[in-house]
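Structure at a glance
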Amino acid sequence: MTTTPVEQVAARLDDAVRSATAIPQPSAGEDSLTLPLAYEVQRAGLALRSGRGDTTIGVKLGFTSKAKAAQMGVSDVIIGAITSSMEVVDGGEIDLSALIHPRIEPEVAFLLGEDVDPHDPRSVARTAVSHVAPALEIIDSRYRDFAFSLEDVVADNTSAAGFVTGPWTSFAEGRVDLDNRGVILEQDGEPVMTGSTSAILGHPEHALSAAKRMARLYGHGLPAGTILLAGAATPAVPLVPGSRVEATVSGLGRVGVTATGASHG
Ligand code: OOG
Ligand code: MG
């Protein structure tokens, strides 16, 4: 069977996920990608996952916060997919032995109660949201040293590895104020990062229109039931074996996870 260069990069990244082994960045070698090709690699990788019964259940935005973008040395907002195998229940455990060099970051998650058509200008993501929750995202770049270009990280499905959503609050019009809410990330009861929801594109609701735009450009769907991670409110921290990590978003509540096992580092 002949495979295209896009499929080859996708297969290498998929092997890296399944063996929890870091690989060289495409940008470092002859596989250097353009942004449209990087999204093709991402799509091919998601097809490999869905072939194993791992279904896409949502989308995530990356680099919606300037501090996060600065941490990773990139500047543009990116979109990726989150799948059923990535979901961890609130208060549950995440097994680090399946991961390379995991990090964790506090986020805001939206739940779509209605379909959003990314191609229809009349379809407004903001009005389709039914619920909102505090969330944690576990990212695990499949690249050595957690280093990448924008194209590399897009091909790697934006480092998506796991996510936890806290209690969902109904998002009835005007009832939930997400403007400039305090965000605290704690590790074993000690604050390790603090920030504000305004770090997320100025206001987390701006992530909704951004997600619709990115979904249209790069072929993601936004059906009812989609979980949408708006992006980190602070830089990510290493996920330490044995630690319990909790995020609090003022007005939304808390969400937590415990790390078990040891990553491949
Ligand atoms: C890419 C993912 C960025 C966010 O919330 O900004 C991201 C990475 O930092 O590895 O998920
Ligand atoms: Mg994130």
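For the structure, check the block above.
As a starting point, this report considers the structure included with it. Throughout, a residue's number is its position along its own chain's written sequence, starting from 1. Here chains are named by letter from A upward and ligands by number from 1 upward, in the order in which they appear as written. With pLDDT at 70 or above as the cut-off, local features in this predicted model cover only qualifying residues; side-chain atom pairs require 80 or more to be listed or tallied, and sums for whole chains, interfaces and linings still use all residues. Computation of side-chain values covers all heavy atoms of the structure but excludes hydrogens and water.

1. Details of the sheet that holds strand β8 (residues 182-187)
Worth spelling out the cut-off: Strands pair, by our definition, only if DSSP identifies at least two bridges between them. In this description a helix means any DSSP run of H or I spanning at least four residues, a strand means any run of E spanning at least two, and both kinds are numbered starting from the N terminus. Angles shown run from 0 to 180 degrees and are taken between the N-to-C directions of axes, each axis being a line fitted to C-alpha atoms and, for helices, limited to the stretch in contact.
Reading across the sheet, the five strands line up as β3-β13-β12-β8-β9 and stay open at both edges, with mixed pairing between neighbours. Every interior strand has two partners, whereas the edge strands, β3 (93-95) and β9 (190-196), have only one. Here the average twist between neighbouring strands, direction ignored, is 20 degrees. Bridge analysis of β8 against strand β12 (residues 244-249) gives five bridges, and the strand direction is antiparallel. From the neighbouring strand, I184 faces β12, where its bridge partner is T248.

2. Here we look at the side chain of T248
As a reminder, the rule being used: Contacts described as polar in this section are N or O atom pairs within 3.5 Å, which, within protein, must combine one atom able to donate a hydrogen with one able to accept it, while residues neighboring in sequence count only if both atoms come from side chains. Whether two residues are in contact is decided by their heavy atoms, any of which lying within 4.5 Å being enough.
Of note, T248 is situated in strand β12. At 3.0 Å, the side chain of T248 and the side chain of R254 are in polar contact. Those residues in contact with T248, other than ones at most four positions away along the chain, are G182, V183, I184, E186, G253 and R254.

3. Examining the site of ligand 1
Here is the rule we go by: Here a residue is considered near a molecule or strand provided that any single heavy atom belonging to it is located within 4 Å of it. By the convention adopted, Pro, Cys, Tyr, Trp, Phe, Met, Ile, Leu, Val and Ala count as nonpolar, Lys, Arg, Asp and Glu as charged, and the other residues, Gly among them, as polar.
The environment of ligand 1 is formed by 17 residues, the closest being K60, F63, K68, S159 and A232. Within the side chain of E137, an N or O atom sits 2.9 Å from an oxygen atom of ligand 1. Those elements that provide at least two residues to the shell around ligand 1 are β1 (56-62), α3 (66-72), β4 (103-112) and β5 (129-139). Of all the elements, β1 adds the most residues to the shell around ligand 1, at three residues. Taken together, the residues that form the shell around ligand 1 break down as eight nonpolar, four polar and five charged.

4. What about the pattern of salt bridges?
Put simply, the test is: Put simply, a salt bridge is a Lys or Arg side-chain nitrogen that is within 4 Å of an Asp or Glu carboxyl oxygen. To sort residues, take the accessible area from a 1.4 Å probe on protein chains only and compare it with the maximum for the residue type: under 20% means buried, over 50% means exposed, and anything in between is partly exposed.
Applying the stated criterion across every chain, the model contains twelve salt bridges. Put simply, R52 and D14 hold a salt bridge, and the shortest N to O gap is 2.8 Å. Here R52, found in the loop between α2 (35-51) and β1, pairs with D14, found in helix α1 (residues 5-19); they are 38 residues apart in sequence, far enough to count as distant. With a closest N to O distance of 3.3 Å, E186 and R254 form a salt bridge. One end of the pair, E186, is in strand β8; the other, R254, is in strand β13 (residues 253-260), and 68 residues separate them in sequence. For E186, a relative accessible area of 14% translates into the label buried. Several salt bridges converge on common partners, so that one network encompasses D14, D15, R18 and R52.

5. Here's the deal with the pairing of strand β6 (residues 160-165)
Among the six residues that make up β6, six are buried, leaving the element largely enclosed by the rest of the structure. Where β5 meets β6, five bridges bridge the pair, whose relative direction is antiparallel. Directly across from A135, in β6, lies its bridge partner T165.

6. Points about the packing of aromatic side chains
Going by this rule: Two aromatic rings, drawn from Phe, Tyr or Trp (for Trp, its six-membered ring), form a pair once their centres lie within 6.5 Å of each other, and the interplanar angle then sorts them: stacked below 30 degrees, edge-to-face above 60, tilted otherwise. The rule is short: NZ of Lys or CZ of Arg within 6 Å of the ring centre and within 35 degrees of the ring normal puts a charge over the ring.
In total, this model carries three aromatic pairs according to the counting rule given. Measuring from ring centre to ring centre gives 6.3 Å for F146 and F148, while their planes differ by 50 degrees; the resulting arrangement is tilted. Looking at F146, the relative accessible area reads 5%, which means it is buried. Classification of F148 by relative accessible area gives buried; the value is 13%. A cation over a ring is seen here: R103 above F146, with NZ or CZ 3.9 Å from the ring centre.

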